[in-house]
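# Observations on the model geometry
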4 protein chains.
Amino acid sequence: MTDLLWPGDQRAGSCCSDAAVLDAMLLVELTWLDVLAEFGVLPVEALAGLEFTADLDAVAEAAEQSGNPVSGLVDALRAHCAATHPVAAHWLHRGLTSQDVLDTALMLCVREAGNRVQRSLRTQAKRLAELTRTHRGTVAVARTLGRPALPTTFGLTAASWLDGVLDAADDLDVALRQLPLQVGGAAGTLAGLAELLGGPRDVVEATERLARALGLVARPPWHTQRRPITRIGDALTACTDTWGRIADDVLLRSRPEFGELSEASVAGRGGSSTLPGKENPVLAVLIRRAALSAPGLAAQLHLAAANAVDERSDGAWHTEWAPLRALARRAVVAAEQTAELLDGLVVHAEWMHANAEAASEALLAERSAMRALLGLAEEPAGVSDYLGATDALIDAALARAAQYIGEEHP
Amino acid sequence: MTDLLWPGDQRAGSCCSDAAVLDAMLLVELTWLDVLAEFGVLPVEALAGLEFTADLDAVAEAAEQSGNPVSGLVDALRAHCAATHPVAAHWLHRGLTSQDVLDTALMLCVREAGNRVQRSLRTQAKRLAELTRTHRGTVAVARTLGRPALPTTFGLTAASWLDGVLDAADDLDVALRQLPLQVGGAAGTLAGLAELLGGPRDVVEATERLARALGLVARPPWHTQRRPITRIGDALTACTDTWGRIADDVLLRSRPEFGELSEASVAGRGGSSTLPGKENPVLAVLIRRAALSAPGLAAQLHLAAANAVDERSDGAWHTEWAPLRALARRAVVAAEQTAELLDGLVVHAEWMHANAEAASEALLAERSAMRALLGLAEEPAGVSDYLGATDALIDAALARAAQYIGEEHP
Amino acid sequence: MTDLLWPGDQRAGSCCSDAAVLDAMLLVELTWLDVLAEFGVLPVEALAGLEFTADLDAVAEAAEQSGNPVSGLVDALRAHCAATHPVAAHWLHRGLTSQDVLDTALMLCVREAGNRVQRSLRTQAKRLAELTRTHRGTVAVARTLGRPALPTTFGLTAASWLDGVLDAADDLDVALRQLPLQVGGAAGTLAGLAELLGGPRDVVEATERLARALGLVARPPWHTQRRPITRIGDALTACTDTWGRIADDVLLRSRPEFGELSEASVAGRGGSSTLPGKENPVLAVLIRRAALSAPGLAAQLHLAAANAVDERSDGAWHTEWAPLRALARRAVVAAEQTAELLDGLVVHAEWMHANAEAASEALLAERSAMRALLGLAEEPAGVSDYLGATDALIDAALARAAQYIGEEHP
Amino acid sequence: MTDLLWPGDQRAGSCCSDAAVLDAMLLVELTWLDVLAEFGVLPVEALAGLEFTADLDAVAEAAEQSGNPVSGLVDALRAHCAATHPVAAHWLHRGLTSQDVLDTALMLCVREAGNRVQRSLRTQAKRLAELTRTHRGTVAVARTLGRPALPTTFGLTAASWLDGVLDAADDLDVALRQLPLQVGGAAGTLAGLAELLGGPRDVVEATERLARALGLVARPPWHTQRRPITRIGDALTACTDTWGRIADDVLLRSRPEFGELSEASVAGRGGSSTLPGKENPVLAVLIRRAALSAPGLAAQLHLAAANAVDERSDGAWHTEWAPLRALARRAVVAAEQTAELLDGLVVHAEWMHANAEAASEALLAERSAMRALLGLAEEPAGVSDYLGATDALIDAALARAAQYIGEEHP
């Protein structure tokens, strides 16, 4: 599976694909049967050998009938196992509602995406720490508003990219740790489940059991309280934001007029359909694409939250699925592209230095002004003589990175 | 092909699918070879029996290498026909650039989508004209800010929906008539083509020939002048806006507390996974979903236009493809859902009337106030006595519709 | 009046300001009284010497009470003229609703903004035609994906900018010509007006009279059919898109590493708060800002249209006012900044040429490949020898511009 | 100061107003002088009696010259105190850059807004806990997709609203605790400051001193690492999302066809300009407006982050200011409107009950189905007999609220 109009999409593999969402829905239904059995609704033996499969196309097509893919799936599963596991067929999905299954399945899919992104952020952070260390002394032009401003080092640029990656990782971690189970029953009262369990006494415990089994956080039904969705969307967008900034810097500084950075030269990559010898900065282009695309998707999730109404929204909920999936899947792709971009990034220290020398008058203008303010005599200086606190800032970034890299992560 | 997370997606069939985009790219390449042959670059006979096919997955996967799906496709096609049509393989794609092929292919796909939407708008307009006529006298509550305001007729509501459909159709028509060919060569100068044709003399004529062959409008290269993209995006969003409003009205007024409208009762549709007997307003829900989702997609296209730079953008261009396709495909789905919704719409005139009677005091408050202002005596009146210019407004809407419906359309 | 956080805001003057919107509302109310008098509701003499003013702060503060600024204004106006013009006070606003007044007032304000933008587009087009002509032969690097691609001329770049300006002007013209009056009465039935006029017979004529008096287009009530709003929003965004592209090119090519363009050097402009001698490309920065900001505003208008419900929306309508005003006002500012940017744009033809020479190998790679394909011998060539159809494309752009500039415009 | 087109704007008072931003910039400059004096750059006495004021209009107008309001302000302040405090004038702003001052000033303004929102969330939470307790037993219709689904209690609805408010409060708290100082000097190297302090040794300590003095968090320069901006934007939008949902429920359930809720009846509020006796749900309308408007603003902040480049962005940075201010200010307004809405909310328990009775067949359909599945006999039941775990869910919400309300907050 790949997407012709989102080059690189294959990097995400099946993550958050239709098939993965379907599998996650099957897992939710199956695990729920386990929980019902644990709580005595049906005998555990009735589930022996039970496995679920479903025809994706049929489920997808049937989804229009009920407005979501769950009802048709439940019908298909009941038919599927009616002969071999009639008791399971009888109790399948009881106590749940469509939104329980789909919301939970999406959380499982998003978790996989988030975990992949986390691993990639860790790889990026390691590489950026290395670039920061290596280029601590690589003098370069700091530019503001498109103009040379001060001397800096490329190490400090890498440290600032690193700072962004660490912020993204921290916030994504918080969001992933809060990914919740959704179980509320038909309208958030858990009434069906209470009926099955002979009263409300064990209801909350049963939902907690499901949460533990799926590795999600138990919380009250959030059918129309959608912060769980927007929170993960915001965190993923913070990731693409930070990669977008890296890509923007690479795109600019790898232009031949700058010559300061290059993407790794990879056979067959970056070519033009008509211009021989062209090497386009493909990874950076595709990362930038993802970064420019994500904010609108995250906004769509907030809009769904703001339009929520009743105990299930009549349309707003339905707007979440496509952008949430796109955000997650594209974040996985962009994460890996960024890791690869950084891994192969070629730093032309000599060009950075040459550019700095060429702009030295502008880069040292503040220094001269400062010295005049201080009443100090002019004295000859080079661009390396006005690097301010770059070392201290680099040390701080490396210390933060070391702590992050040293931590245990899933 | 369908999309699990966009119920109803199958209505669009292959329109704007990966396969359709690929086919359109093949058509562009093949037709361009015809043009080159017409202009003597290669002998016409060299194209005899030439047909193009390509492996979609392979092309999609290769797209990451060059950042778009064209380069890999050209390589594959050259390899594909090298043995049987070596001359064609030699001249394939010459004079074009990747963006020429992809932009043009997307225009062809969007045109198909737009034409389907146009046909659906026409169907909707006919049905709305019928509803307008039928319910010219069906008194109902006009509500503002969620409160009863005045008496109106459902015919006037239908007339206003119709007005929206006609505006959408007009604007879409304008946009579709302007859908352009993209041919500029590697960087918008048409230099490669000029070289092929032995000078710039026939260059413009050759591009016009291609435009005619493909049924698109010839215009100067628009590699980074993206109004053609935003214009069609705006027009499609105007369509989903107007359907969204219809859906919002249906969703509200089909609530049992209102009882004024119902979606057609269709066996198997609108059921719940847990609540027996529930009939959810599925079409309206899915239409509303599309309407809430489109503005962000159209904004993404404008953002790409605003971020355009150089003779081809390094990332902005790449952000257009997915939202343009989504807009087009979802518009086709929503168009047909709206047509079906309207076709089966059940108008509970008796409930409308009962609701109006129940609110008559509020609905006639302005009338009393007006009469007092005019110094007229109070006199008993019913809700039918204060319908203002509803008849004239209905006549005007029907006249506009009649003209539209009577026109020849593609 | 200016906005600290939108530098350059003062260029828009009072256009679409709170005061201007208030004035427009006063104009609508006053002109409506004229119409009522013409149709005999009140004697014309009752309006002799009538002038309206209102305290802006008081009206703004009172707006929360009814959710929009009109109700409070009407109360204030009635109080204001009760003593001097009691008959006018008696008939003031009768037949209208709040939305009639505010929608119409906003159309008047937007029209002023649109007209200012149109004049600016005309100025831009003239200047761009001049740049196109002047630099028809100024060879430069055409860049795609941030890499040198082909030789071009700066004249062709200017021609493409011009093409964007002309598209924007055309579409804005269409939108401005359709700016409508809003008159529907309390809930779109014109019932109050019919009561005032003794029946529905003259109702439509009265609204047409008001439309003519205000220079707006008569159309059926569009309280919840919001295409008139989204249409002008889309057209204004098409303007900022095209200016954004120009700014992006200027920002890049005025970087010292390119040296190809400069903003005019203006005393006191572009300085830094700490770096002596810095000349920031301020106009281009601020234009780019506007371009990146507009798509989200236009999307907000579409979202309001998609969320419309009933005969007046309970919240969606209210979301339109701020973004519509921001779009209009910022478009005026950006239009004038773009005109000024272009007027003063310094084209460093010698640097363009030098950059092209430096990149000549890359720029001529396609030519060599083409000649090889054609079986032609290699022959020495310069960047000027591979300009393709630049001349023809420039001629076409100039012809389109000449037609546009020659037309009569308001 | 108020905004005619954002009714209720006056509730925010001067929070984040132009004047407040200016004051915050003055505070930053003045406090920085203190820090410089502490570190020996200038004598402490040189600051005795120093106060800063500036002409807002002049500063705003001058902002176009440098693209931001700081440079002009610094010039004005130097001129302002040159005579009375020449030493202060000499050292004013030294070591800082425009972005340091504006970013920090905006953080101060946003903090004030955030703190006001926090206080309001606390008020809302208290009121919602009260509503939850009071209506624990108030049976009502739970609706999904616009249809009656199950019986619930209004207490559970209030508990779910409360859950949303607590999520918003938690996330806002996290964001507010991270609001950072911005000090990086001209290009993020702190070179100017190092020069002033005779070397980089004390540089970081000096910035930490400023952070403490202003109550902000010290962190590395984030001129183009914009997560601090997007994080607070996301958190504020999570607030408006949750209020939007409350407003949506109120708007729907206060319609006369439902009759279940009312806004408090306040003299002079909710009236129409033409319909006597109308009571529009003004607060809910205006809250919904804010909720529908916020996601696009937050997306604009992410877009700026994704477009960041160099050591200061050439346009992206400039797009942050207006939406950040609008988000903050509108959040304050909506927070207080929501608190007032909830405070005065009238719950028509008898109508809720009557609606539930009227829909009892639908509401009990799942119960019958469950009993049939369980092999239990049908038995007569009322809507109160199928409330599931509403009590347990309410207890959980109240426990969470109690903990939140009991905590110390700023």
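Everything quoted here is computed from the prediction, not taken from an experiment.

### Comments concerning the environment of A:Met25
Of note, A:Met25 is situated in helix 1 (residues 18–38). With 115 residues separating them in the primary sequence, A:Met25 and A:Ala140 have C-alpha atoms 52 Å apart. The residues touching A:Met25, leaving out its near neighbours within four places in the chain, are A:Pro69, A:Val70, A:Leu73, A:Val101, A:Leu102, A:Ala105 and B:Leu4.

### A word on the pattern of salt bridges
Proximity of charged atoms lets side chains of opposite charge pair with each other. One pass over the structure, following the stated rule, counts 136 salt bridges over all chains. Taking the shortest distance from any N to any O, the salt bridge between B:Arg371 and C:Glu195 comes out at 3.6 Å. You can see B:Arg371 sitting in helix 14 (residues 365–373) and its partner C:Glu195 sitting in helix 7 (residues 191–196), one on each of two chains. Side by side, B:Arg371 and C:Glu195 carry an identical accessibility label, which is buried. Each of A:Asp163, A:Asp167, A:Asp170, A:Asp171, A:Arg400, D:Arg219, D:Arg227, D:Arg231 and D:Asp234 takes part in salt bridges that share partners, so that together they form one network.

### Structural notes on the relation of the copies chain A and chain D
Between the two copies of this chain, the relationship is a rotation about some axis together with a displacement along it. Mapping chain A onto chain D calls for a rotation angle of 180° and an axial translation of 0.0 Å; the resulting RMSD is 0.0 Å. In symmetry terms, the pair is related by a two-fold rotation axis. Closest approach to the rotation axis within chain A is made by the C-alpha atom of A:Ala299, at a distance of 2.9 Å.

### Description of the nonpolar core
Residues A:Met25, A:Leu121, D:Met25 and D:Leu121 are the most contacted members of the largest nonpolar core, which totals 278 residues. Apart from residues lying up to four places away in sequence, A:Leu121 is in contact with A:Val165, A:Ala168, A:Ala169, A:Leu172, A:Cys239, A:Trp243 and A:Tyr404. Core analysis: the next-biggest nonpolar cluster, separate from the first, contains 274 residues, B:Val250, C:Val285, C:Leu324 and C:Met352 among them.

### Side note on the interface of chain A and chain D
Chain A puts 83 residues into the contact, and the matching count from chain D is 83 residues. Contact between chain A and chain D buries roughly 6,900 Å² in total, counting both sides, with carbon and sulfur atoms accounting for 58%. On inspection of chain A and its partner chain D, the count reaches 12 salt bridges. For the side of chain A that touches chain D, the element with the highest residue contribution is helix 9 (residues 227–253) of chain A, accounting for 12 residues.

### A few points about the interface of chain C and chain A
With 27 residues of chain C at the contact, the number on the chain A side is 27 residues. Here chain C packs against chain A, burying approximately 2,500 Å² in sum over the two surfaces, 59% of which is carbon and sulfur. Sorting the residues of chain C by area buried against chain A places C:Arg147, C:Arg255 and C:Glu257 first, and these three jointly supply 25% of that buried surface. Between chain C and chain A we count two salt bridges in total. With a closest N to O distance of 3.0 Å, C:Glu257 and A:Arg143 form a salt bridge. Applying the counting rule to chain C against chain A returns 10 residue pairs in polar contact (both at pLDDT 80 or more). Listed by contribution, the elements that provide at least two residues to the side of chain C that touches chain A are strand 1 (139–144), strand 2 (147–153), helix 10 (282–306) and helix 14 (365–374) of chain C. Examining the composition of the side of chain C that touches chain A, we find that four residues originate from one element, strand 2 of chain C, more than from any other. Residues that form the side of chain C that touches chain A fall into these classes: 14 nonpolar, six polar and seven charged.

### Quick word on the packing of aromatic side chains
Summed over all chains, the structure comprises 10 aromatic pairs over all chains. Measuring from centroid to centroid gives 5.7 Å for B:Phe154 and B:Trp161, while their planes differ by 85°, and the two rings are edge-to-face. Given a relative accessible area of 0%, B:Phe154 falls into the buried group. The residue whose ring lies beneath B:Arg289 is B:Trp6, and the NZ or CZ to ring-centre distance is 3.9 Å. Over the ring of C:Tyr404 we find C:Arg122, and its NZ or CZ is 4.8 Å from the ring centre.

What counts and how
- Residues numbered from 1 in each chain as written.
- Chains lettered and ligands numbered in written order.
- Predicted model: local features only at pLDDT ≥ 70, side-chain atom pairs only at ≥ 80, totals over all residues.
- Heavy atoms only, no water.
- Helix = DSSP H or I, 4+ residues; strand = E, 2+ residues; numbered from the N terminus.
- Contact = heavy atoms within 4.5 Å.
- Salt bridge = Lys/Arg side-chain N within 4 Å of Asp/Glu carboxyl O.
- Buried < 20%, exposed > 50% of the residue type's maximum accessible area, 1.4 Å probe, protein only.
- Least-squares fit on C-alpha atoms with pLDDT ≥ 70 in both.
- Core = buried A, V, L, I, M, F, W, Y, C linked by side-chain atoms within 4.5 Å.
- Buried area = accessible area lost by both parts, 1.4 Å probe.
- Polar contact = N/O pair within 3.5 Å; in protein donor to acceptor, adjacent residues only side chain to side chain.
- Nonpolar A, V, L, I, M, F, W, Y, C, P; charged D, E, K, R; others polar.
- Phe/Tyr/Trp six-rings, centres within 6.5 Å; stacked < 30°, edge-to-face > 60°.
- Lys NZ or Arg CZ within 6 Å of the ring centre and 35° of its normal.

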